[in-house]
Amino acid sequence: MGKITLSQVRKSFGEVDVISGIDLDIEDGEFVVFVGPSGCGKSTLLRLIAGLEDTTSGSMQIDGQEATHLPPAKRGLAMVFQSYALYPHMTVRKNIAFPLKMAGMTADEQAKKVAHAANILNLTDYLDRRPGQLSGGQRQRVAIGRAIVREPAAFLFDEPLSNLDAALRVTMRQEISELHQSLKTTMIYVTHDQVEAMTMADKIVVLNAGRIEQVGSPLELYHSPRNLFVAGFIGSPKMNLISGAEAAKYNCATLGVRPEHIGVGAGDGHWQGVVGLSEHLGSDSFFKVSVDGIGTINVRANGELNVRAGDRIHLSPDLEKLHRFDAEGLALK
Amino acid sequence: MATQSSRSAARLMLSPTVILLLVWMIVPLAMTLWFSLKRYNLLYPDRTGFNDFGNYTRFVLSPAFGGAVVNTLILVVGVLVITVVLGILIALLIDQPIWGQGIVRILVISPFFIMPPVAALIWKNMFMNPTNGLFAEAAKLLGMAPIDFLGQAPLASIILIVAWQWLPFATLILLTALQSLSSEELEAAEMDGAGAIQRFWYIMLPHLARAITVVVLIQTIFLLGIFGEILVTTNGGPGTASTTLPYLIYKEALLDFDVGTAAAGGVVAVILANIVAFFLMRAIGKNLDA
Amino acid sequence: MARHISTQRRALNTASAWTVALILFFPILWTVLTSFKPEAQAVASPPIFLGFDWTLQNYVDVNEQRDYFRYFVNSIIIALGSTAFGLVLAVPAAWSMAFVPGRKTKDLLMWMLSTKMMPAVGVLVPIYLLFKTLGLLDTRFGMVLVLTLMNLPIIVWMLYTYFKEIPGEILEAARMDGASLRSEILYVLTPMAVPGIASTVLLNIILAWNEAFWTINLTVTDAAPLTKFIAGFSSPQGLFYAKLSAASTMAIAPILIMGWFSQKQLVRGLTFGAVK
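All values derive from a computational prediction rather than experimental measurement. (Residues numbered from 1 in each chain as written. Chains lettered and ligands numbered in written order. Predicted model: local features only at pLDDT ≥ 70, side-chain atom pairs only at ≥ 80, totals over all residues. Heavy atoms only, no water.)

### Considering the overall build of chain B
Quick note on the threshold: Each helix is a run of DSSP H or I of at least 4 residues and each strand a run of E of at least 2, with the numbering of both proceeding from the N terminus. Think of it in three bands: residues with accessible area under 20% of the maximum for their type are buried, residues over 50% are exposed, and the middle band is partly exposed, with areas taken using a 1.4 Å probe on protein chains only. By definition, residues are in contact when any of their heavy atoms lie within 4.5 Å. With residues, only the protein chains shown are counted as cover, and all accessible areas are computed by Shrake-Rupley using a 1.4 Å probe. Asp and Glu count as negative and Lys and Arg as positive, but His and the ends of the chain are not part of the count. Taken as the charge centre is NZ of Lys, CZ of Arg, CG of Asp or CD of Glu, depending on the residue.
What chain B contains, in helices and strands, is 13 helices and 0 strands. What you see in chain B, going N to C, is helices and strands ordered as α-α-α-α-α-α-α-α-α-α-α-α-α. Overall size of chain B, expressed as C-alpha extent along the three principal axes, is 80 × 75 × 30 Å. For chain B, the proportion of its 290 residues judged to be buried stands at 55%. Sequence separation of 24 or more characterises 70% of the internal contacts of chain B that already satisfy a separation of 6 or more. Per element, the accessible surface of chain B, about 12400 Å² overall, is 69% carbon and sulfur. Put simply, chain B has 14 plus and 15 minus side-chain charges, and the middle of one group is 11 Å from the middle of the other.

### Looking at unusual backbone geometry
The residue after A:S236, namely A:P237, is reached through a cis peptide bond having omega -5°. You can see A:P237 is positioned in the loop between helix 8 (228–233) and strand 11 (240–243). Of note in the backbone geometry, A:Y84 takes a positive phi value of approximately 70° without being a glycine. Within the secondary structure layout, A:Y84 lies in the loop between strand 6 (77–80) and helix 2 (92–102). For B:N235, which is not a glycine, the phi torsion comes out positive at approximately 55°. Residue position: B:N235 is located in the loop between helix 11 (228–233) and helix 12 (245–255). B:N235 gets classed as partly exposed once you look at its relative accessible area, which sits at 46%.

### A few points about a nonpolar patch on the surface
The criterion, for reference: Like-charged residues are merged into a patch within 9 Å and nonpolar side chains (Val, Leu, Ile, Met, Phe, Trp, Tyr) within 5 Å, provided each residue has over 30% relative accessible area and no salt bridge. The rule for a salt bridge is simple: a side-chain nitrogen of Lys or Arg has to be within 4 Å of a carboxyl oxygen of Asp or Glu.
Side chains of B:V77, B:V81, B:I82, B:V85, B:L86 and B:L89 sit close together on the surface and give an oily, nonpolar patch of about 480 Å² of accessible area. Along the polypeptide, B:L89 turns up in helix 3 (residues 63–95).

### A look at the packing of helix 4 (residues 68–99) of chain C against helix 9 (residues 181–192) of chain C
All names here are of chain C. Where we set the bar: Lines fitted to the C-alpha atoms define the axes, with helices restricted to the stretch that makes contact. Angles between their N-to-C directions range from 0 to 180 degrees. The scheme is simple: roughly parallel for angles under 35 degrees, roughly antiparallel for over 145, roughly perpendicular for 65 to 115, oblique for anything else.
Viewed as axis vectors pointing N to C, helix 4 and helix 9 meet at an angle of 95°, and their least axial separation amounts to 12 Å. Classified by the interaxial angle, the pair formed by helix 4 and helix 9 is roughly perpendicular. Of the residues in helix 9, those in contact with V91, W95 and F99 of helix 4 are L181, E184, I185 and L189.

### A closer look at the confidence of the model for chain B
Do not read the fine detail of predicted coordinates wherever pLDDT is low. To keep it simple, the criterion reads: Scored between 0 and 100, pLDDT is the confidence that the predictor attaches to each residue.
Predicted confidence across chain B gives a mean pLDDT of 86, with 97% of residues reaching 70 or more. At the level of individual helices and strands, chain B shows its lowest average pLDDT in helix 13 (residues 259–289) of chain B, which scores 79, and its highest in helix 8 (residues 154–179) of chain B, which scores 93.

### With respect to the sheet that holds strand 17 (residues 312–317) of chain A
Residues and elements named next belong to chain A. Basically, it comes down to this: At least two bridges found by DSSP between two strands is the condition for calling them paired.
The sheet built from 5 strands is open, its strands ordered 13-17-14-15-16 with antiparallel pairing. Edge positions in the sheet fall to strand 13 (262–265) and strand 16 (295–302), since each has one partner strand and no second. On average, adjacent strands in this sheet sit at an angle of 45° to one another, irrespective of strand direction. Relative to strand 17, strand 14 (residues 271–280) is paired through 4 bridges, and the arrangement is antiparallel. Counted as the bridge partner of G273 is I313 from strand 17.

### Considerations on the pattern of salt bridges
Residue and element names in this part refer to chain A. Evaluated as defined, the whole model comprises 18 salt bridges over all chains. For R300, the salt bridge identified is with D284, shortest N-O distance 3.4 Å. Of this pair, R300 sits in strand 16 while D284 sits in strand 15 (residues 284–291); the two residues are 16 residues apart in sequence, bridging distant segments of the chain. R312 serves as the salt-bridge partner of D292, at 2.4 Å between the closest nitrogen and oxygen.

### Notes on the packing of aromatic side chains
Both the distance between ring centres and the angle between the ring planes are used here to describe each pair of aromatic rings. Residue and element names in this part refer to chain C. Rules: Note on ring pairs: Phe, Tyr and Trp rings are taken, using the six-membered ring of Trp, and paired if centres are within 6.5 Å. Classes follow the plane angle, with under 30 degrees stacked, over 60 edge-to-face and the rest tilted. The criterion is that NZ of a Lys, or CZ of an Arg, lies within 6 Å of the ring centre and within 35 degrees of the ring normal, and then a charge sits over that ring.
Under the defined criterion, the tally for this structure stands at 39 aromatic pairs over all chains. When the ring centre of W30 is taken as origin, the NZ or CZ atom of K37, which lies over that ring, is 3.8 Å away. The ring of Y71 is capped by R70, whose NZ or CZ atom sits 5.1 Å from the centre of that ring.

### Some points on the layout of surface pockets
Think of a ball as big as a water molecule: rolled over the atoms, this probe shows where empty space is left. Quick note on the threshold: Both site types are read off a 1 Å grid over the protein atoms alone. A 1.4 Å probe that fits but cannot get out defines a cavity, while an open set with protein on both sides within 12 Å along at least five of seven lines defines a pocket; lining residues have an atom within 4 Å of a point. Grid points are joined across faces, edges and corners, and a volume is the space filled by probe spheres set on the points. Three categories are distinguished: nonpolar for Ala, Val, Leu, Ile, Met, Phe, Trp, Tyr, Cys and Pro, charged for Asp, Glu, Lys and Arg, and polar for the others, with Gly belonging to the last.
Considering only enclosed or pocket space, the largest pocket measures out at about 1100 Å³ in volume. Looking at the lining of the largest pocket, the elements that each hand over two or more residues are helix 1 (4–36), helix 5 (116–127), helix 8, helix 10 (196–223) and helix 11 of chain B together with helix 7 (140–164), helix 10 (194–210) and helix 11 (213–218) of chain C. When grouped by side-chain class, the residues that make up the lining of the largest pocket number 33 nonpolar, 10 polar and 4 charged. Looking at the second largest pocket, its volume works out to about 420 Å³. Around the second largest pocket sit 14 residues that line it, and B:R7, C:V100, C:P101, C:G102 and C:R103 are the ones nearest its centre. With 4 residues, the single largest contributor to the lining of the second largest pocket is helix 1 of chain B. Looking at the lining of the second largest pocket residue by residue, the classes come out as 7 nonpolar, 3 polar and 4 charged.

### Quick look at the confidence of the model for chain C
Averaged over every residue, the pLDDT of chain C is 88; the share at 70 or more is 96%. Here the predicted complex scores 0.86 on pTM and 0.89 on ipTM.

### Points about the interface of chain A and chain B
We count it as follows: Buried area, as used here, totals the accessible surface that two parts lose on assembly, with accessibility defined by a 1.4 Å probe and the loss added over both. In the analysis that follows, any N or O atom pair within 3.5 Å is treated as a polar contact, provided that within protein one partner can donate a hydrogen and the other can accept it, and provided that, for residues neighboring in sequence, both atoms belong to side chains.
The partner chain B presents 5 residues to the 5 residues of chain A that form the contact. Interface area, chain A with chain B, both sides summed: about 400 Å², of which 50% is carbon and sulfur. The largest contributions to the chain A side of the interface with chain B come from A:F13, A:E53 and A:D54, which together make up 70% of the buried area. Where chain A touches chain B, the interface holds 0 salt bridges. Summed over the shared surface of chain A and chain B, the number is 0 residue pairs in polar contact (both at pLDDT 80 or more). When the residues that make up the side of chain A that touches chain B are grouped by side-chain class, the tally is 2 nonpolar, 1 polar and 2 charged.

Take a look at the structure:
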């Protein structure tokens with residue numbers, strides 16, 4: 001069981017509030033991703049949940065039990081660190097068995113659990129190696145193995161994929177998702193990469209400057225961002241944000257159009273502009289278009305489109321999928 | 001970044017060391033202060049009572065005092081300059097690809113393992129002795145008159161002996177620092193047209209700054225207290241030519257049995273050492289932060 | 001600097017490096033050689049380098065005058081004892097400073113080091129009187145205590161620079177894995193810091209073995225280590241070069257040999273954070 005409730009959790013270092021009064025419910029079995037730019041407090045929030053930092057005020061319950069002042073070891077949580085934090089002087093076997101040893105488990109039980117975890121993670125052949133002899137992906141698996149054997153109430157991941165190369169990152173991302181499907185244990189996952197957040201999460205928590213900007217499922221955040229920050233942060237390439245006269249036509253301070261919601265045509269479009277940069281990936285095409293009276297607009301089109309830099313093209317935004325924001329940056333309905 | 005409980009654990013684990021060192025520092029210092037204000041001469045046990053600052057004026061105004069302070073500084077600075085400069089040169093030399101590097105390192109480090117009284121004794125007797133010493137023999141061989149090193153240049157001779165003991169330490173730290181310099185950095189400088197001397201001056205020396213700092217700090221700590229080498233070789237003489245502050249205090253306490261004045265000298269020495277420490281730590285603490 | 005250089009260049013470098021090394025080592029070599037000479041040949045003019053009548057008589061004589069073995073045992077006890085005490089005190093202290101640093105940590109470290117700058121002579125009389133009162137004069141425990149305190153700042157500093165290089169996340173991982181502070185230090189930190197601890201231990205043994213001020217002034221016979229042994233030869237026996245050399249060789253040989261064999265471990269940790 002792993003239901004975690006935060007109420008008015010605040011953390012300050014000296015004068016500075018790193019986390020300012022966060023309320024959050026994490027349901028049992030949920031895959032929750034904390035996402036936000038660097039310095040937004042997402043890692044600190046995770047460390048507060050882990051018990052590696054003290055909360056300045058507020059309280060926290062794990063499975064209905066007061067946990068605000070419990071030491072990390074007593075919270076029943078397991079953590080996978082960004083640097084993996086494997087014990088370099090121990091073999092993989094001993095690394096995975098370490099939490100069991102600390103819990104005073106017998107050698108037989110330890111061996112059984114380690115074998116089971118190694119089997120799940122394809123580490124059986126590497127059990128007698130040291131972390132230094134493993135590849136990045138294997139180290140990552142050992143770190144996960146060390147977390148699994150404890151059968152924790154929840155897993156905490158602190159940017160676990162950021163040290164891997166791009167191809168491996170995709171594979172590991174899928175492995176972690178599959179692990180979640182088979183274990184059905186609560187997972188809290190911190191990342192600055194919105195693609196990871198979108199692909200893995202049941203629930204995304206967007207953080208900015210120590211505050212929660214929005215909580216919701218990936219598609220909720222995509223379709224109805226609550227404010228400009230979330231609109232700009234979720235989605236790739238970023239949503240085009242247009243202010244000024246053009247926005248005023250739609251009765252808003254800022255108008256948001258996702259690049260994929262703009263049609264490209266040769267004649268009779270809504271807007272006209274000159275293509276600055278064009279990128280052709282085969283499956284998609286990306287253009288930076290300098291639109292008359294508006295400025296630069298990013299456009300994404302499916303498949304190949306025979307448009308080159310310097311061409312003059314017409315753009316038509318999908319009027320159904322426009323986002324409108326008021327002067328405070330909040331979304332208008 | 002840590003939790004309240006780990007902070008209190010840290011305080012708890014730090015306290016034995018801090019308390020022991022505090023006691024070790026404060027108790028003798030307090031006693032020294034107390035003695036320094038009293039008449040306390042082992043030869044005249046009947047003279048007691050407070051002497052106000054008489055001991056201090058006696059110590060500070062004694063003709064040997066000024067010279068002792070200067071000698072102490074010359075000794076410390078002299079050894080530092082020799083060990084750092086030669087240390088850099090030797091480190092540069094050993095860092096080159098050479099045959100038998102392992103043995104060379106062992107030979108170079110060896111003087112560091114020699115206990116100070118042994119070093120002083122063998123240098124004094126077997127090398128610097130004007131009749132039987134090897135230096136005298138070498139002078140004879142060259143047809144020159146032997147030099148009485150400890151008689152004619154006592155402080156310089158002591159500096160030589162102490163520098164010999166500390167040169168390995170400086171060399172090894174500087175060598176380790178030098179080996180941590182990436183060859184890419186040097187190659188980049190070479191591509192930029194820097195010659196050997198410019199590479200040393202603009203790339204290697206700045207890279208060694210931290211190591212030099214550490215060498216200066218640690219050696220100063222040990223050199224300020226140099227005493228045994230002087231006792232064994234020159235007894236502070238001839239006259240007071242090689243009397244340093246520690247030796248002067250020793251002379252008051254154990255040769256003139258004037259504990260009161262020696263204590264006053266101790267307090268003065270502690271104050272001076274703290275002044276040196278203060279400036280050294282200021283200058284160096286900054287360099288060690290990076 | 002793995003650069004390719006010509007053989008001549010290499011030979012030249014080798015020759016200069018060996019020359020420097022032999023000059024630095026020569027006083028030790030000469031002492032050891034002299035210790036095997038008959039007294040008359042030890043002061044021969046011109047000096048005899050190798051072609052003398054090799055003898056062990058000096059060692060026998062020196063050992064008869066003074067019981068070498070007793071001094072040797074005291075040196076061992078003092079060096080190892082003070083190192084062990086020092087580690088027990090310094091490992092937790094260095095853990096605190098490295099992993100829970102505060103704004104005052106650097107100042108604290110510098111203060112510890114500055115306690116070593118106090119001239120020992122200045123506090124000799126008070127320490128002597130204190131030791132006399134406490135019955136610690138000429139006791140092994142007293143000497144272990146003094147040398148522990150003497151070297152503690154250096155041990156703390158060395159361990160601190162070592163511990164600081166260990167990523168804090170690994171210790172946090174141990175905490176998450178349910179390790180108590182004791183297990184964290186014992187099973188995770190200490191094994192990871194083995195090279196640093198080894199080097200610290202070696203340096204401390206060397207410093208304790210060679211510490212001559214307190215050991216000479218606070219011991220008489222019972223706890224007297226080899227520094228006291230050699231001090232007894234300063235005069236008038238100093239005039240007998242062969243015996244002086246034999247005594248010197250006996251005093252330095254144990255630490256010299258240990259130093260040679262552990263040179264690599266020692267040097268690795270001797271950087272005091274000077275190398276980043």
